[in-house]
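# Descriptive structure summary
Here is what each chain is made of, one letter per residue.
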Amino acid sequence: MHDLSNFRSNLDAVAERLATRGFTLDVAAFRALDTERRAALTESESLKAQRNAESMEIGKLKKAGADTTELQAKVRTLGERTAVLEKQAAELDDRFRELLAGIPNTPHDSVPTGKSAEDNVVVRGGEPPAPLPFPAKAHWDLGPDLGILDFDRAAKITGARFAVYVDLGAKLERALINFMLDVHTREHGYTEILPPFMINSASLFGTGQLPKFAADLFKIEGTDYWLAPTAEVPVTNLFRDETLEAESLPISLCAYTPCFRSEAGSYGRDVRGIIRQHQFQKVELVKFTRPDQSFEQLEKLTSDAEDILNRLGLPFRTVVLCTGDMGFSSAKTYDIEVWLPSQREFKEISSCSSFEAFQARRAGIRCRSGKKTEPLHTLNGSGLAVGRTWVAIVENYQQADGSIVIPEALRPYLNAERITARGKLG
């Protein structure tokens, strides 16, 4: 949510900046609705004050024995008019809040202007590694060949875009979760959280998924519960409607959750394999900071996510997203992209973002320093998407004989050095 005072004062400049991300703000309509809403509120407050003054006068006149019939009729009329205005103001306020809720965050000044992913700017890495000395196989072939991934049985159990991990495939997924959590908590300074995997509508509004992106989510029928699309939602909402002391910031949290997404807007992208699933695992990093810490902490959060890939020996690059490729709530985002030999391209494995005060205003999260209270800043990023890390390991560490070498950092978790074919289930 935007700071309304700043939004009003700089409306044309904000509209111009929002246009760089492909959003058209109807400035005239916004001003008209805002003017109408403020006029109704102002008149309502004025009439209430007048009614209160007249009511006090009636009391004085009654004590003096004077006739107050005419004045009482006037007060009744004022009350009726005030009730009409209050209802009108409430309806206009709802329309105004709905309008504000649908306006994306304003890109930070350091974000490059662009229309699509083609305009993103590489800030680290970027050169593809040397190709494997043999034809690279895709994970959707390697996994079933080794007996560690089963798509057919997943489709039977649920449907398309689900997978069953088997034996060392399942253990590799679990090892990655534990490895990521261990590194982030023991070495990067995060506190581990295990939140609920279902959240309510207020939580989704707070982080910006509702109302705009309801089609991308799974809702539990007959309840106000939704399946979490990312741990960002429950972890950010830990402090919803709370005020934190500024000296306690930054607060750095990490959490593992399964994530559930309908992929309504994926339009057939990545339909093979486990790149884009309805259910996947992720370790998320979330930070709550003072406004002056926000972008320093974004750099640290991004570095923490990159460190996991460095430890696993996986080639990657980091790009800063242009204005036209940013998420709805983000003020600035770095995407970390890992190399996949089968596709000969970099694929996003983490998005690390500062939302400035956008989410905090929606969720009512503030920080206090002395007598000053203001919305704090929220940040988050995947540290990392576990399934995509699984894919990157299987593809980058594949051998000519079809086996997979396990990265050294994961061997203590798996008690194995290599994945070889072990026969399929059944």
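Preceding this section is the structure that the text describes.
Presented here is a report on the structure given in the accompanying data block. Quantities reported herein were computed from a predicted structural model and do not represent experimental measurements.

### Brief notes about the overall build of the protein chain
If you tally the helices and strands in the protein chain, you get 13 helices and 17 strands. Its C-alpha atoms give the protein chain principal-axis dimensions of roughly 105 × 45 × 40 Å. By residue count, 50% of the 426 residues in the protein chain fall in the buried class. About 20,200 Å² of surface is accessible on the protein chain, with carbon and sulfur atoms providing 49% of the total.

### Here's the deal with the pairing of strand E13 (residues 366-369)
One ladder, built from 3 bridges, connects strand E7 (residues 243-245) with E13; its direction is parallel. Considered in E13, the bridge of Thr 243 is made with Arg 366. Sheet analysis places E13 next to strand E14 (residues 372-375), joined by 4 bridges and oriented antiparallel. If you follow Ser 369 over to E14, its bridge partner there is Lys 372.

### Describing the nonpolar core
Side chains that are nonpolar tend, in soluble globular proteins, to be buried together. Formed by 51 residues in total, the largest nonpolar core has its most connected members in Leu 172, Leu 176, Trp 390 and Leu 410. Sequence-distant contacts of Trp 390, that is, excluding residues within four places in its chain, are made with Ile 148, Leu 149, Tyr 165, Gly 169, Leu 172, Glu 173, Leu 176 and Ile 274. Residues Phe 7, Ala 15, Leu 18 and Ala 89 belong to the second largest nonpolar core, which totals 16 residues.

### Here we look at unusual backbone geometry
As a rule of thumb, non-glycine residues mostly have phi less than zero, and peptide bonds are mostly trans rather than cis. Of note, the amide linkage connecting Leu 249 to Pro 250 takes the cis form, showing an omega dihedral of 5°. On the secondary structure map, Pro 250 appears in the loop between E7 and strand E8 (251-260). Residue Leu 384 is bonded to the preceding Gly 383 through a cis peptide linkage, with omega at 20°. Here Leu 384 shows up in strand E15 (residues 377-385). A positive phi is found at Arg 344, a non-glycine position, where the angle reads about 50°. Along the polypeptide, Arg 344 turns up in the loop between strand E11 (332-340) and strand E12 (345-354). The exposure class assigned to Arg 344 is partly exposed, which follows from its relative accessible area of 48%.

### Observations concerning the sheet that holds E7
In space, the 3 strands of this open sheet follow the order E7-E13-E14, with mixed pairing throughout. The open sheet is flanked by E7 and E14, the only strands paired with a single partner. Strand-to-strand twist of the sheet, defined as the mean angle between neighbouring strand axes without regard to direction, takes the value 30°.

### Thoughts on the pattern of salt bridges
Enumeration according to the criterion identifies 22 salt bridges in this entry. Arg 97 is the salt-bridge partner of Asp 93, the closest N and O atoms lying 3.1 Å from each other. Of this pair, Asp 93 and Arg 97 both sit in helix H4 (residues 69-101), separated by 4 residues, roughly a single helical turn. Take Asp 93: its relative accessible area is 18%, and that puts it in the buried class.

### Some details on the packing of helix H3 (residues 27-63) against H4
In contact at an axis separation of 8 Å, H3 and H4 are set at 155° when each is read in the N-to-C sense. One way to sum up the angle between H3 and H4 is to call them roughly antiparallel. The two elements H3 and H4 cross, and the hand of that crossing is left-handed. Within the contact of H3 with H4, the residues separate by chemical class into 16 nonpolar, 7 polar and 14 charged.

### Structural notes on H3
End to end, H3 covers 54 Å across 37 residues, agreeing with the expected 54 Å (1.5 Å per residue, within 8%). Along H3, the positions that sit buried rather than exposed are Val 27, Phe 30, Leu 33, Asp 34, Arg 37, Ala 40, Ser 44, Leu 47, Glu 54 and Ile 58. On its buried side, H3 packs onto helix H1 (4-9), helix H2 (11-19) and H4. Of the residues flanking the end of H3, it is Gly 65, one or two places downstream, whose phi is positive at about 80°.

Reading the values: rules and limits
Residues numbered from 1 in each chain as written. Predicted model: local features only at pLDDT ≥ 70, side-chain atom pairs only at ≥ 80, totals over all residues. Heavy atoms only, no water. Helix = DSSP H or I, 4+ residues; strand = E, 2+ residues; numbered from the N terminus. Buried < 20%, exposed > 50% of the residue type's maximum accessible area, 1.4 Å probe, protein only. Areas by Shrake-Rupley, 256 points an atom, 1.4 Å probe, with all protein chains shown as cover. Pairing = 2+ DSSP bridges. Core = buried A, V, L, I, M, F, W, Y, C linked by side-chain atoms within 4.5 Å. Contact = heavy atoms within 4.5 Å. Axes fitted to C-alpha atoms, helices over the stretch in contact; angles between N-to-C directions. Salt bridge = Lys/Arg side-chain N within 4 Å of Asp/Glu carboxyl O. Parallel < 35°, antiparallel > 145°, perpendicular 65-115°, else oblique. Left-handed = near helix turned anticlockwise from the far one by under 90°. Nonpolar A, V, L, I, M, F, W, Y, C, P; charged D, E, K, R; others polar. Expected span 1.5 Å × (residues − 1).

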